[in-house]
Amino acid sequence: MLAYLALAAVAAAADVAGAVLVTSAHERHRVPLRYFVAGGAGFMLAAAFVRMLPESTHVPHAFLFVLIGYFGVHLFEHTVAPHFHFGEETHREALLRPSAGWLAVVGLGVHTLFDGVAIAAGFLVSPALGVLLFVAVLLHKVPEGFTIASIMLAGGHSRGAALAAGAALGGLTIAGAVLTGLFAAQQVAYALAVSAGVTIYVAASDLIPEVNREGGPALGWTVFGGLLFFVVADWLLAELGGH
Ligand SMILES: [Zn+2]
Ligand SMILES: [Zn+2]
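On a predicted model such as this, the values are computed, not experimentally measured, just so you know.

Trainee: So what exactly am I meant to see when it comes to empty space enclosed by the protein here?
Mentor: Take a probe with the size of a water molecule and roll it over the atoms, and the empty space left behind shows itself. Enumeration according to the criterion identifies 1 cavity of 30 Å³ or more in this entry. Size it by volume and the largest cavity reaches roughly 80 Å³. Residue lining of the largest cavity: 13 residues in total, with Met 44, Asp 115, Ala 118, Val 137 and Thr 199 positioned closest to the centre. Of all the secondary structure elements, the ones that give two or more residues to the lining of the largest cavity are helix H4 (99–125), helix H5 (127–154) and helix H7 (188–214). Classifying every residue of the lining of the largest cavity by side-chain character gives 8 nonpolar, 4 polar and 1 charged.

Structural data, given as structure tokens:
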């Protein structure tokens, strides 16, 4: 349990790091973030389709839980939160009320809770899968913290509140890992199925659209870079510990 809690804590720290980036407002730090979004999307989709889905199909109705995970994120990120998308918030006209910032924390919080569930459930199946899902989570964590902090600032909140929002997301990731260890250890395949749906939504419906909107072949190719990174990481982990 300590191993995956440590990984969840590192992932949580990356949320805070992303929030620090946006509140310290150094323009030069911003460019590489889109490459993490693109590479993270490739890595996450590979992890979901090649490892998470096959591991979760041992139980009945596994794909129903995948669907619940997928639309659960859509529900919270795009109906409960009045305005949310990955990347820097620049639509000033869209964010009039400060409440939009905290509602975005709630919306994105459901997704970040399942970042922690994925790491812990993966670890309960095998340490190799846990580490693989940790990498999938870590790749999009800094952009995630950046996103929520920029929404908070655009909603008129202070830098302190923006940092607190990043920390809240990180805390939810740790909570997801703890809750999985406490309550879902016997139903790990279901936890994995729901978090596979969450991962597919975040990668294919939140991150890939950002990659396509920003445009450019270099960014497009970085998605394939994420796939390649997955192949290498998966092979290395199989060599070290075995699936
Ligand atoms: Zn916007
Ligand atoms: Zn996440």
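From this point, the narrative continues.
Trainee: Is there a simple way to think about the packing of aromatic side chains in this case?
Mentor: What describes a pair of aromatic rings is the distance from one ring centre to the other and the angle between the planes of the rings. Applying the stated criterion to the full structure yields 8 aromatic pairs. Arranged with centres 5.5 Å apart and planes meeting at 80°, the rings of Phe 43 and Phe 230 form a pair that is edge-to-face. Of this pair, Phe 43 sits in helix H2 (residues 33–56) while Phe 230 sits in helix H8 (residues 217–240), and the two are 187 residues apart along the sequence. Judged by its relative accessible area of 0%, Phe 43 is buried. For Phe 230, a relative accessible area of 4% corresponds to the buried category. Taken together through their ring pairs, the aromatic side chains of Phe 43, Phe 229 and Phe 230 make up a single cluster.

Trainee: Hey, could you run me through the environment of Phe 86 in this one?
Mentor: Take Phe 86: it is sitting in the loop between helix H3 (62–80) and H4. According to the relative accessible area criterion, Phe 86 is buried, its value standing at 1%. Taking the C-alpha atoms as reference points, Phe 86 and His 61, 25 residues apart in sequence, are found 31 Å from one another. Setting aside anything within four residues of it in sequence, one finds Phe 86 in contact with Leu 108, His 111, His 140, Pro 143, Glu 144, Thr 147, Asp 206, Leu 207 and Glu 210.

Trainee: Could you clarify how one ought to interpret the coordination of the zinc ion (ligand 2) in this entry?
Mentor: Geometry sets the ideal angles at a metal, namely 109.5 degrees for four tetrahedral donors and 90 or 180 degrees for six octahedral donors. For the zinc ion (ligand 2), the protein coordination sphere consists of His 111 (NE2), Asp 115 (OD), His 140 (NE2) and Glu 144 (OE), at 1.9 to 2.1 Å. Around the zinc ion (ligand 2) sit 4 donor atoms; with metal-centred angles ranging over 97 to 121°, the donor geometry is tetrahedral. Mapped onto the sequence, the residues coordinating the zinc ion (ligand 2) show the spacing H-x3-D-x24-H-x3-E. Within this pair, whereas Asp 115 is found in helix H4, its partner His 140 is found in helix H5, the two being separated by 25 residues in sequence. Exposure class is identical for Asp 115 and His 140. Each is buried.

Conventions used here
Residues numbered from 1 in each chain as written. Chains lettered and ligands numbered in written order. Predicted model: local features only at pLDDT ≥ 70, side-chain atom pairs only at ≥ 80, totals over all residues. Heavy atoms only, no water. 1 Å grid on protein atoms, 1.4 Å probe; cavity = no way out; pocket = protein on both sides within 12 Å on 5 of 7 lines; lining within 4 Å. Points joined across faces, edges and corners; volume = space filled by probe spheres on them. Helix = DSSP H or I, 4+ residues; strand = E, 2+ residues; numbered from the N terminus. Nonpolar A, V, L, I, M, F, W, Y, C, P; charged D, E, K, R; others polar. Phe/Tyr/Trp six-rings, centres within 6.5 Å; stacked < 30°, edge-to-face > 60°. Buried < 20%, exposed > 50% of the residue type's maximum accessible area, 1.4 Å probe, protein only. Contact = heavy atoms within 4.5 Å. Donors = N, O, S within 2.8 Å, 3.2 Å for Na, K, Ca; no water. Tetrahedral: all angles 85-135°; square planar, octahedral: opposite > 155°, others 65-115°.

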